[in-house]
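One letter stands for each residue in the lines below.
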Amino acid sequence: MSIRAVKSESVARPTMEGAGVHLHRVFGFGDPTESDPFLMMDDFRNDDPAKYKAGFPWHPHRGIETITYVLAGEVEHGDSLGNHGVLGAGSVQWMTAGSGIMHQEMPRGNAAGQMHGFQLWANLPSSEKMTTPRYQDISGADIPEIIDDDGTKVKIVTGEFWGKRGPVDGIAANPLYLDISVPPNSTKRLPVDTHMNAFAYVFAGAGRFRDASDPVGVLVEKEFQGEELNLRDMTGNRTLVRFDTGDEITVTAGPEGVRFLLVAGKPIREPVAWHGPIVMNTREELMQAIRDLNEGTFIREGATGI
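Q: A description of the pairing of strand 14 (residues 153-158) should follow, citing residues and the corresponding values.
A: Inspection of the sheet shows strand 13 (residues 145-147) paired to strand 14 by three bridges, in the antiparallel sense. Pairing of I147 across the sheet is with K153, part of strand 14. Here strand 13 hands over to strand 14 after five residues, with G151 in that stretch at a positive phi of 95 degrees. Two elements, strand 14 and strand 17 (residues 176-182), share five bridges in a ladder whose sense is antiparallel.

Q: Now, about the sheet that holds strand 8 (residues 84-87): what can you tell me, with residues and values included?
A: As summarised here, the arrangement of the four strands in space is 5-10-7-8, forming an open sheet in which the pairing is antiparallel. Strand pairing shows two members of the sheet lacking a second neighbour, strand 5 (56-61) and strand 8, which therefore form its edges. Neighbour-to-neighbour, the strand axes of this sheet turn through a mean angle of 25 degrees, independent of strand direction. Alignment of strand 7 (residues 74-79) against strand 10 (residues 101-108), held across six bridges, turns out to be antiparallel. The residue of strand 10 that forms the bridge with V75 is P107.

Q: Give a detailed account of the packing of aromatic side chains, specifying residues and quantitative values.
A: The final tally for this structure, using the stated rule, is 11 aromatic pairs. A centroid spacing of 6.3 Å and a plane angle of 70 degrees characterise the contact between F29 and W121, whose relative ring orientation is edge-to-face. Taken together, the residues span a long stretch of sequence, with F29 in the loop between strand 3 (21-28) and strand 4 (38-46) and W121 in strand 11 (residues 115-123) at a distance of 92 residues. Exposure remark for F29: the relative accessible area of 41% places this residue in the partly exposed category. A centroid spacing of 6.1 Å and a plane angle of 85 degrees characterise the contact between Y69 and Y177, whose relative ring orientation is edge-to-face. Of this pair, Y69 sits in strand 6 (residues 64-72) while Y177 sits in strand 17; the two residues are 108 residues apart in sequence, bridging distant segments of the chain. For Y69, a relative accessible area of 1% puts it in the buried group.

Q: So what's going on with the pairing of strand 4? Which residues, and what values?
A: The buried fraction of strand 4 amounts to nine of the nine residues, a majority that puts the element mostly inside the structure. In this sheet, strand 4 lies alongside strand 3 in antiparallel orientation, the contact comprising four bridges. In the sheet register, F27 faces strand 4, and the bridge partner there is M41.

Q: Give me the lowdown on the layout of surface pockets, citing residues and values where you can.
A: Taken as a whole, the second largest pocket holds about 360 Å³ of empty space. No other element matches strand 5, which puts five residues into the lining of the second largest pocket. Of the residues contributing to the lining of the second largest pocket, the split by class is 11 nonpolar, six polar and four charged.

Q: Give me the sheet that holds strand 2 (residues 13-17): which residues, what numbers.
A: One open sheet accounts for seven strands, arranged 2-3-4-11-6-9-12; its pairing is antiparallel. The open sheet has two edge strands with one neighbour each: strand 2 and strand 12 (134-138). On average, adjacent strands in this sheet sit at an angle of 20 degrees to one another, irrespective of strand direction. Alignment of strand 2 against strand 3, held across five bridges, turns out to be antiparallel. The partner of R13 across the bridge, within strand 3, is R25.

Q: Which residues make up the environment of V75, and what values go with them?
A: In this fold, V75 is placed in strand 7. Since its relative accessible area comes to 4%, V75 is described here as buried. Taking the C-alpha atoms as reference, V75 lies 9.8 Å from S91; in sequence the two are 16 residues apart. Setting aside its immediate chain neighbours within four residues, V75 contacts F44, V70, G85, V86, L87, E105, M106, P107 and M115.

Quick notes on the rules
Residues numbered from 1 in each chain as written. Predicted model: local features only at pLDDT ≥ 70, side-chain atom pairs only at ≥ 80, totals over all residues. Heavy atoms only, no water. Pairing = 2+ DSSP bridges. Helix = DSSP H or I, 4+ residues; strand = E, 2+ residues; numbered from the N terminus. Axes fitted to C-alpha atoms, helices over the stretch in contact; angles between N-to-C directions. Phe/Tyr/Trp six-rings, centres within 6.5 Å; stacked < 30°, edge-to-face > 60°. Buried < 20%, exposed > 50% of the residue type's maximum accessible area, 1.4 Å probe, protein only. 1 Å grid on protein atoms, 1.4 Å probe; cavity = no way out; pocket = protein on both sides within 12 Å on 5 of 7 lines; lining within 4 Å. Points joined across faces, edges and corners; volume = space filled by probe spheres on them. Nonpolar A, V, L, I, M, F, W, Y, C, P; charged D, E, K, R; others polar. Contact = heavy atoms within 4.5 Å.

Structure follows, in structure tokens:
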């Protein structure tokens, strides 16, 4: 077994999307090969309703899949095909936009005004970019959770891990998507398919994603607002960790434990022509999608969603 080295670490950057939602961009709109097949990830975490209640009004998607994981509050969604629903705390929506869909997502806080969730974009291979749109809405109660002997908790959204499989299936990237909590001061080794690109995103506590045999004070380069920082601390809140090749990752939790998303997928290795929420393979396909949008033919006849 080979432990994956840490390739890079970066801090999520504050930005604004939709009609004025304050969020942190984990990665996206850069080099699409860095996280292939994943294109973008946002952390929309806020305790002030004024900073998220305007939501994400009607907007198009084509050629990708969006994965929304809600930890606190709710996200009400609707689309041009007549689908409507509410994602509650702990639930996941995996939307395959395929040939095209218009939809909106409107976040609502819990009783304390808190809204917390993540949205990840996964690319579709060229053979599936124009498939019929569909949804998979999964409640938190249907997401399996494994508790290991040392207290490590793993929620399996999709993929197979420790002998259990997540409820989301039929996904083009065939990814692994886990929500992992490691107890204070514990070290854990976690298997990851060596053929997959993998990253971790820390959103609570802190940990060290390096071989336990390494010296404690290893310098870690982190990029923040365009500047590289040399730090000796553990990887903490809102930090993205990209891994090199190997079939395991290792994490040592800090004194408060660590909670992070572990995401992995097999790279598609196809050209990307990208304009906002529309992702195709060539400029010609991208321009056609924009013409379809302008001419009112973006939604294909026969598309019904689920």
